[in-house]
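Here is what each chain is made of, one letter per residue.
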Amino acid sequence: ALAEHMAYFDRLVADDQRIEPRDAMPEAYRKTLIRQIAQHAHSEIIGMQPEGNWISRAPSLRRKAILMAKVQDEAGHGLYLYSAAETLGVDRSELLDKLHSGQQKYSSIFNYPTLTWADVGAIGWLVDGAAIMNQVPLCRCSYGPYARAMVRVCKEESFHQRQGFEILWTLSKGTDAQRAMLQDAADRWWWPALMMFGPPDSGEKATEGHTAQSMAWGIKRFTNDDLRQKFVDMTVPQAHKLGITLPDPDLRWNEERGHWDFGQIDWDEFWRVLKGDGPCNAQRIATRVAAHEDGAWVREAAAAHAEKVVARAAQ
Ligand code: 3HC
């Protein structure tokens, strides 16, 4: 029977159909999805922190309202993703424990600080821009609950990307000091945004990695380097529109390839940040753990309320 189930799984993948929670699946497929979806969910909720840092200091009421809505969207994305992970037989509290104890990762990008208001714009433009490039193909991921969650997440992310660009566009037409702030933010966020796509596919800095297997299973649709290149190609003309430079002397249009060439990414920095040694790793986890502990009474109250509802319905 197991062989039959696995043949069914293979057929679904080969036909580009969706795998649903009721379907039998190889244990390694389930584990890969839990790893990726959990990491993705953790990124959404840790990603609230760098932007939350600016809610009280946004330059106008309108900017404050937009930023609050955006940060709430990220919380919502985290919740859809934890729910998607739960369909694979894990519990949300177990995933949160693993985040808090460092056994599961979140995106490297959220370990960098937001020093100025322009950083909020740069996060929308570059970080959410990179996130969309990576997540649109996930709407076609072979695992149904993850793919469906991604549809709404991507719609909201495109709004976030545009609001980020609009912040920067406004700064680009401002004073010299505002333009300098914009340039400084782009200088600091450019390379970490390129690292978001994960380690390179080939070359001496490549690692064993999950890409080949994840592509065979229809979880990933493109390699890390392919998505990174698409992102660079999309973003360089936008930087020109903003009237800024990107901090890469090797960035030039390659007529033959039909793509922008770009310089070497500092992969040692990437692995250092993943190991916990980025500018804000300790602060991000400490803030998250404190928020979790402070929220214990809300979880207890919700559970008590749910019990009452069940008891009342049974009367
Ligand atoms: N940050 C942290 N870890 C990363 C990483 C990054 N930017 N990129 C890769 N890694 C880790 C992988 O998790 C893997 O670690 P492990 O083997 O110890 O588990 C290792 O580096 C090797 O990388 P691979 O490329 O082989 O790993 P994947 O096949 O999982 O690919 C990925 C990495 C492309 C990031 C993929 O997991 C993915 O598409 N994830 C979903 C998207 C996501 O998580 N986005 C998070 C940032 S965007 C966001 O949160 C939205 C924002 O608006 C708030």
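Residues numbered from 1 in each chain as written. Predicted model: local features only at pLDDT ≥ 70, side-chain atom pairs only at ≥ 80, totals over all residues. Heavy atoms only, no water.

Student: Tell me about the overall build of the chain, residues and numbers included.
Tutor: Across its full length, the chain carries 13 helices and two strands. At 21 Å, the chain has a C-alpha radius of gyration in line with the 20 Å of a compact globule built from 315 residues. Over its C-alpha atoms, taken along the principal directions, the chain stretches across nearly 70 × 50 × 30 Å. Summarising the internal contacts of the chain: among those between residues at least 6 apart in sequence, 77% fall at separations of at least 24. (Helix = DSSP H or I, 4+ residues; strand = E, 2+ residues; numbered from the N terminus. Rg over C-alpha atoms; globule rule 2.2 N^0.38 Å. Contact = heavy atoms within 4.5 Å.)

Student: Explain the packing of helix H6 (residues 117–135) against helix H10 (residues 224–242) to me, and be specific about the residues and the numbers.
Tutor: Put simply, H6 and H10 touch, their axes get as near as 10 Å, and they point 145° apart. In the crossing of H6 with H10, the sense of the turn from one axis to the other is right-handed. Residues Trp-125, Leu-126, Gly-129, Ala-130, Met-133 and Asn-134 of H6 form the contact with H10, whose participating residues are Leu-227, Lys-230, Phe-231, Met-234, Thr-235, Gln-238, Ala-239 and Leu-242. (Axes fitted to C-alpha atoms, helices over the stretch in contact; angles between N-to-C directions. Left-handed = near helix turned anticlockwise from the far one by under 90°.)

Student: Explain the state of the cysteines residue by residue, including any values.
Tutor: Within the structure shown, the criterion is met by zero disulfides. This cysteine, Cys-141, is not joined by any disulfide, and Cys-139 carries the nearest cysteine sulfur, 9.7 Å off. (Disulfide = S-S within 2.5 Å.)

Student: Can you lay out unusual backbone geometry for me, pointing to particular residues and giving the numbers?
Tutor: Its identity as a non-glycine residue notwithstanding, Asp-16 has a phi of 60°, on the positive side. Locating Asp-16 in the fold gives a position in the loop between helix H1 (2–14) and helix H2 (27–46). In this structure Asp-16 comes out as partly exposed when scored by relative accessible area, which is 38%. (Buried < 20%, exposed > 50% of the residue type's maximum accessible area, 1.4 Å probe, protein only.)

Student: I'd like to hear about the side chain of Asn-281, residue by residue, with values.
Tutor: By secondary structure assignment, the location of Asn-281 is in helix H12 (residues 281–294). Excluding residues within four positions of it along the chain, Asn-281 makes contact with Tyr-106, Asn-111, Val-273 and Gly-276.

Student: Lay out the site of the ligand with the relevant residues and their values.
Tutor: Lining the immediate environment of the ligand, one finds 30 residues, of which Lys-105, Asp-128, His-210, Lys-220 and Asn-224 sit closest. At a separation of 3.5 Å, an oxygen atom of the ligand approaches a polar side-chain atom of Gln-36. One of the backbone nitrogen or oxygen atoms of Ser-108 is found 2.9 Å away from a nitrogen atom of the ligand. Elements with a contribution of two residues or more to the shell around the ligand: H2, H6, helix H7 (144–172) and helix H11 (267–274). When residues of the shell around the ligand are assigned to their parent elements, the largest contribution, six residues, is made by H2. (Near = heavy atom within 4 Å. Polar contact = N/O pair within 3.5 Å; in protein donor to acceptor, adjacent residues only side chain to side chain.)

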